[in-house]
Amino acid sequence: MANNIKMQTNSEDKPIISLKSVSKWYEDFQALKNIDLEIKLKEKIVICGPSGSGKSTLIRCLNRLEAHQEGQITVTGIELHERMKDIDTVRQDIGMVFQSFNLFPHLTVLENCMAGPNWVRGIDQNEAKERAMALLKQVKIPEQADKYPEQLSGGQQQRVAIARSLCMQPKVMLFDEPTSALDPEMVSEVLDTMVELAESGMTMICVTHEMGFAKQVADRIIFMDEGEIVEQNTPEEFFNNPKNNRTKAFLDQVLS
Amino acid sequence: MFVDTVVEDKALHKPAFLFGLSIAVLAIFFTFNFTNTIFGEFLSPVIGNPEKSGFFGRLAVSFVLTILFVANLLLISFARLKIQILIVWIELFLLFLAFAYSFDLEIAYIFSGQPSKIGLMISKGLFTTIYISAVSILIATAIAIVGAIAKLSNNGFAYAIASFYTSLFRGLPLLLQIYLIYMGLPQLGFMIDAIPSGIAALSLCYGAYMTEIFRAGIQSIPKGQWEASRALGFPFGLILRKIILPQSIPLIIPPTGNQFIAMLKDSSLVSVLGIWEIMFLAKKLGAKDFNHLEMLLTAAMIYWLLTIILEMIQARIERKYQQKT
Ligand SMILES: Nc1ncnc2c1ncn2[C@@H]1O[C@H](COP(=O)(O)OP(=O)(O)O)[C@@H](O)[C@H]1O
Ligand SMILES: [Mg+2]
């Protein structure tokens with residue numbers, strides 16, 4: 001416990017997330033193999049790789065939507081394991097945006113955004129509403145506040161999902177292919193929101209195939225294949241000078 | 001459901017269909033031979049004494065009935081949908097009355113006595129039936145929520161108890177459960193009155209069925225809703241209360257409404273415990289003068305009316321929840 005407090009109060013170059021030889025199995029299929037990774041506060045990470053390479057599994061382990069079986073995952077100074085008592089408080093500090101939005105269909109856009117702060121952060125109705133409206137402005141859809149999710153376009157829904165996560169004032173944001181379910185003309189509105197968020201200094205881990213976005217905001221790009229981190233580098237090095245053959249083949253495919 | 005925008009010709013307006021239908025109906029009327037009924041008497045100016053009219057009489061009666069039947073169908077087919085439904089309802093109801101009339105009943109018997117028999121059935125029986133059903137439904141709903149959560153949990157005890165419970169109470173006839181509770185519990189030293197045991201049996205039995213309905217309703221909510229809630233750091237109870245159950249309710253309401261209606265009628269089974277509900281009173285009041293059918297039919301009408309009211313309430317609630325989402 002003393003250890004945790006020390007890490008939390010430590011300076012910015014201490015990792016906010018760290019994985020030490022993490023492995024994960026689904027039944028007897030190994031989805032993650034010995035992953036080592038450290039992510040610093042305010043760092044922007046883009047994870048890419050072919051379908052089925054374990055990208056979703058990796059970021060879902062970071063808020064323990066999935067359990068890992070070997071190794072250690074430490075997030076905001078707290079180690080994630082199956083006997084932990086305070087997983088909900090850890091999750092409240094980690095925002096997650098899903099490919100399929102997963103908005104609550106029976107709540108209005110505003111209520112979706114107020115739910116977290118009001119129900120689990122214990123913030124009163126008025127303040128939660130103010131905060132929600134501010135974030136809906138930030139993602140540029142304050143005028144949709146009283147609509148239900150199904151009345152919105154995919155791009156709008158995904159921006160609401162981002163605002164909903166941000167309302168919890170998380171320390172880290174996880175994105176799992178946030179634009180993959182969108183019609184092409186709506187991709188950019190979501191990416192613009194994410195770029196702005198990155199510029200505001202949020203720590204972000206994004207699984208995405210949007211290489212333009214990666215070039216623009218990523219501090220580091222991680223390439224995964226078959227449950228392993230094959231290569232990681234700055235965007236310049238990653239695109240101009242890929243070292244591994246699997247990376248080259250992948251880049252040929254997505255950039256062509 | 002989607003009603004297609006292309007309308008097909010009505011089958012009834014095709015001569016070939018109409019002809020075929022008439023032949024079939026004629027055959028049916030001829031087979032069942034209505035010559036010795038009231039219809040035969042109506043036609044006696046044409047066929048003479050119905051009893052002696054023979055083949056010709058039987059054919060004539062069937063023929064007239066067929067014409068009436070097919071003409072009726074044809075006329076109704078021109079009406080608007082709402083009117084069609086209303087007319088068919090009324091006609092079927094009249095047929096039901098004719099069926100009851102053929103029992104040769106003594107209708108006045110129902111209203112005889114001081115207080116009148118029907119008054120007793122409504123003031124005492126109806127009240128008791130509604131009371132027992134309403135209390136049982138409330139308890140069954142509470143059981144169902146707990147049971148459904150237990151069945152979805154990965155706690156071995158909770159799952160085992162819940163699945164044993166649903167298996168047992170769905171596996172035994174309700175009548176048997178009523179006897180077992182009424183006669184079994186006193187063996188254990190719990191003295192239990194008739195009405196509480198009736199309520200216990202109905203609640204437990206319907207709680208078991210509704211557990212399955214609630215479980216299916218909860219399970220049909222997409223996994224993403226759980227994941228999004230979990231990712232926001234919501235605890236289990238909150239997710240269930242604020243996210244999952246509100247979305248399951250529109251799915252749960254129609255089958256639950258059916259259970260309510262079924263329970264209302266199954267509450268008649270507790271009459272075996274001597275509880276003064278509709279069914280018990282019907283049997284008791286009819287037995288005195290051997291006018292069983294009069295009182296049973298009265299009970300039937302009361303149950304039917306109650307059911308119709310419940311169906312209307314159910315339709316209302318369903319409509320309200322459909323608008324919301
Ligand atoms: N719930 C699961 N059960 C079994 N296997 C799974 C499950 N989820 C993912 N997998 C498998 O794990 C591998 C990695 O999946 P995933 O992390 O979703 O890949 P990606 O997001 O990179 O496409 C895939 O082979 C997939 O089939
Ligand atoms: Mg994926």
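A word on the overall build of chain A
Within chain A, the regular secondary structure consists of ten helices and ten strands. For chain A, whose C-alpha radius of gyration is 18 Å, the value lies close to the compact-globule estimate of 18 Å for 256 residues. Principal-axis analysis of the C-alpha atoms gives chain A an extent of 50 × 50 × 40 Å. For chain A, with 256 residues in total, the buried portion stands at 57%. Pairs at least 24 residues apart make up 65% of the contacts formed inside chain A by residues separated by at least 6 positions.

Side note on the nonpolar core
Formed by 71 residues in total, the largest nonpolar core has its most connected members in Ile17, Leu19, Ile47 and Ile205 of chain A together with Phe234 of chain B. Residues within four places of Phe234 of chain B in sequence aside, it is in contact with Asp88, Phe104, Ala115, Gly116, Trp119 and Val120 of chain A together with Ser229, Ile239 and Ile243 of chain B. Ile123, Ala161, Ile162 and Leu182 of chain A belong to the second largest nonpolar core, which has 50 residues in total.

Let's talk about the sheet that holds strand E5 (residues 78-79) of chain A
Residues and elements named next belong to chain A. Across the sheet, which stays open at both edges, the four strands sit in the order E2-E1-E4-E5 with antiparallel pairing between neighbours. Only two strands of the sheet have a single neighbouring strand rather than two, namely strand E2 (29-40) and E5. Sheet topology note: the strand E1 (residues 15-26)/E2 ladder contains eight bridges and is antiparallel. Residue Tyr26 lies in a different strand from E2, and its bridge partner there is Phe29.

A look at the side chain of Glu227 of chain B
Tracing the chain through its elements places Glu227 of chain B in helix H11 (residues 223-231). Given a relative accessible area of 14%, Glu227 of chain B falls into the buried group. Setting aside chain neighbours within four positions, we find Glu227 of chain B in contact with Arg60, Leu65 and Phe98 of chain A.

Regarding the domain arrangement of chain B
For chain B, the assigned domains read domain 1 (11-102) and domain 2 (117-324). Inter-centroid distance (C-alpha atoms) of domain 1 of chain B to domain 2 of chain B is 42 Å.

A word on the packing of aromatic side chains
Ring pairs (aromatic) are described by centroid distance and by the angle formed between their planes. Following the criterion strictly, the structure yields 17 aromatic pairs over all chains and no others. Note on Phe223 of chain A and Phe250 of chain A: the rings are 5.1 Å apart at their centroids and 45° apart in plane angle, and the pair reads as tilted. In this pair, Phe223 of chain A is assigned in strand E9 (residues 220-225) and Phe250 of chain A in helix H10 (residues 245-255), connecting sequence segments 27 residues apart. Both rings, one in Phe93 of chain B and one in Trp304 of chain B, keep their centres 5.9 Å apart while their planes meet at 45°; by these two values the pair is tilted. Taken together, the residues Phe93 of chain B in helix H5 (residues 81-101) and Trp304 of chain B in helix H14 (residues 292-324) connect sequence positions 211 residues apart. With relative accessibility at 33%, the residue Phe93 of chain B sits in the partly exposed group. A connected cluster of aromatic rings, assembled from ring pairs, spans Phe93, Phe96, Phe99, Phe103 and Trp304 of chain B. For the cation-ring pair, Arg164 of chain A lies above Phe104 of chain A, with the distance from its terminal atom to the ring centre recorded as 4.5 Å. The ring of Tyr109 of chain B has Lys117 of chain B lying over it, and the distance from NZ or CZ to the ring centre is 4.4 Å.

Conventions and cut-offs
- Residues numbered from 1 in each chain as written.
- Chains lettered and ligands numbered in written order.
- Predicted model: local features only at pLDDT ≥ 70, side-chain atom pairs only at ≥ 80, totals over all residues.
- Heavy atoms only, no water.
- Helix = DSSP H or I, 4+ residues; strand = E, 2+ residues; numbered from the N terminus.
- Rg over C-alpha atoms; globule rule 2.2 N^0.38 Å.
- Buried < 20%, exposed > 50% of the residue type's maximum accessible area, 1.4 Å probe, protein only.
- Contact = heavy atoms within 4.5 Å.
- Core = buried A, V, L, I, M, F, W, Y, C linked by side-chain atoms within 4.5 Å.
- Pairing = 2+ DSSP bridges.
- Domains from an automatic or database assignment.
- Phe/Tyr/Trp six-rings, centres within 6.5 Å; stacked < 30°, edge-to-face > 60°.
- Lys NZ or Arg CZ within 6 Å of the ring centre and 35° of its normal.

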